[in-house]
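# Descriptive structure summary
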Amino acid sequence: MSRVQLALNVSNIDEAVVFYSKLFGAEPAKRRPGYANFAIADPPLKLVLIESPDGRGEGTVHALNHLGVEVETQEEVVAATARLSSSGLATSTEEATTCCYAVQDKVWVNDPNGAPWEVYVVLADAADMKPPTDGCCTPDTASMPLSVPTQLGIKTSASACCSTESTCC
């Protein structure tokens, strides 16, 4: 079996293990002081968490855009939303949104360090990377309760036009 490995620095291994256990519905395959790894069957993934006193410090700051799990149906996005919400995670959903040259339905959650994860289904191809700007502001991702990458043009219910915490488009 082939699978992708993703190694992340985390500032608190215990918080990260709780989050990723909820996100993937699985417990770590190996747990050591400052270290955990998950052998996720669906989707195939080897997730490695390494505790770092500085969290995502130099060399990784701003290197990560977002992470995602592509599913095959809209029903799977709905089921993921229900599972994540019932696990106590804050979610933000989008339907028929244009992102990454595709029309998608998705749900977003953030890990304990603020890295955004999406569970999404591609509904159709799109000619654009993101929807055209509408003259409104996109909230600064650092101030969003659920930080979704600004460069993807994603707006959530937390969006506010041109407040002092926003970065205008």
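Let me begin by describing the structure that accompanies this report.

Along the backbone of the protein there are two helices and 10 strands. Starting at the N terminus and walking to the C terminus, you meet the elements of the protein as β-α-β-β-β-β-α-β-β-β-β-β. Pairs at least 24 apart in sequence give 55% of the contacts found in the protein among residues at least 6 apart. For the protein, the exposed area adds up to about 9,200 Å²; of that, 50% sits on carbon and sulfur atoms.

End to end, helix α1 (residues 13-24) covers 16 Å across 12 residues, agreeing with the expected 16 Å (1.5 Å per residue, within 8%). What α1 keeps buried is the set Ile13, Ala16, Val17, Phe19, Tyr20, Ser21, Leu23 and Phe24. A side-chain oxygen of the first residue of α1 lies 3.0 Å from the backbone nitrogen of Asp14; this N-cap is Asn12. Once α1 finishes, Gly25 follows within two positions and takes phi at roughly 60 degrees, a positive value.

Here we come to the pairing of strand β5 (residues 67-70). Along β5, the buried face is formed by Leu67 and Val69; none of Gly68 and Glu70, which line the opposite face, is buried. Relative to strand β8 (residues 116-125), β5 runs parallel, the two being bridged by four bridges. Across the sheet, residue Val69 finds its bridge partner in β8, namely Val119.

Moving on to the environment of Leu84. With respect to the helices, strands and loops of the structure, Leu84 is situated in helix α2 (residues 74-86). Separated by 62 residues in sequence, Leu84 and Lys22 place their C-alpha atoms 6.9 Å apart.

Here the focus is the nonpolar core. The nonpolar side chains of a soluble globular protein tend to be buried with one another. With 28 residues, the main nonpolar core has Tyr20, Leu23, Phe24, Leu47, Leu49 and Trp117 as its most contacted residues. Of all elements in the fold, only β1 (4-10), α1, β3 (35-40), β4 (45-51), β5, α2, β7 (102-110) and β8 reach the threshold of two or more residues within this core. Ranked by the residues each element gives to this core, the list is headed by α1, at seven residues. Leu49 has contacts with Leu8, Val10, Ile13, Ala16, Val17, Tyr20, Gly34, Tyr35, Ala36 and Phe38, leaving out every residue within four places of it along the chain.

Turning to unusual backbone geometry, a few remarks are in order. For the bond from Asp42 to Pro43, the omega torsion is 0 degrees, close enough to zero to count as cis. Even without glycine at this site, Ala96 takes up a positive phi of about 50 degrees. With respect to the element layout, Ala96 can be found in strand β6 (residues 92-99).

Applying the stated criterion across every chain, the model contains two salt bridges. One salt bridge connects Lys106 with Glu118, and the closest N-O pair in it is separated by 2.8 Å. In this pair, Lys106 sits in strand β7 while Glu118 sits in strand β8, placing the two residues 12 residues apart along the sequence.

Attention now moves to the side chain of Glu94. Within the secondary structure layout, Glu94 lies in strand β6. It turns out Glu94 is buried and unbridged, and the closest side chain with the opposite charge, Lys106, is 4.6 Å from it. Within polar-contact distance, the side chain of Glu94 engages the side chain of Trp108 at 2.7 Å.

Thresholds, definitions, all that
- Residues numbered from 1 in each chain as written.
- Predicted model: local features only at pLDDT ≥ 70, side-chain atom pairs only at ≥ 80, totals over all residues.
- Heavy atoms only, no water.
- Helix = DSSP H or I, 4+ residues; strand = E, 2+ residues; numbered from the N terminus.
- Contact = heavy atoms within 4.5 Å.
- Areas by Shrake-Rupley, 256 points an atom, 1.4 Å probe, with all protein chains shown as cover.
- Expected span 1.5 Å × (residues − 1).
- Buried < 20%, exposed > 50% of the residue type's maximum accessible area, 1.4 Å probe, protein only.
- Polar contact = N/O pair within 3.5 Å; in protein donor to acceptor, adjacent residues only side chain to side chain.
- Pairing = 2+ DSSP bridges.
- Core = buried A, V, L, I, M, F, W, Y, C linked by side-chain atoms within 4.5 Å.
- Salt bridge = Lys/Arg side-chain N within 4 Å of Asp/Glu carboxyl O.
- Lys, Arg positive; Asp, Glu negative; His and termini not counted.

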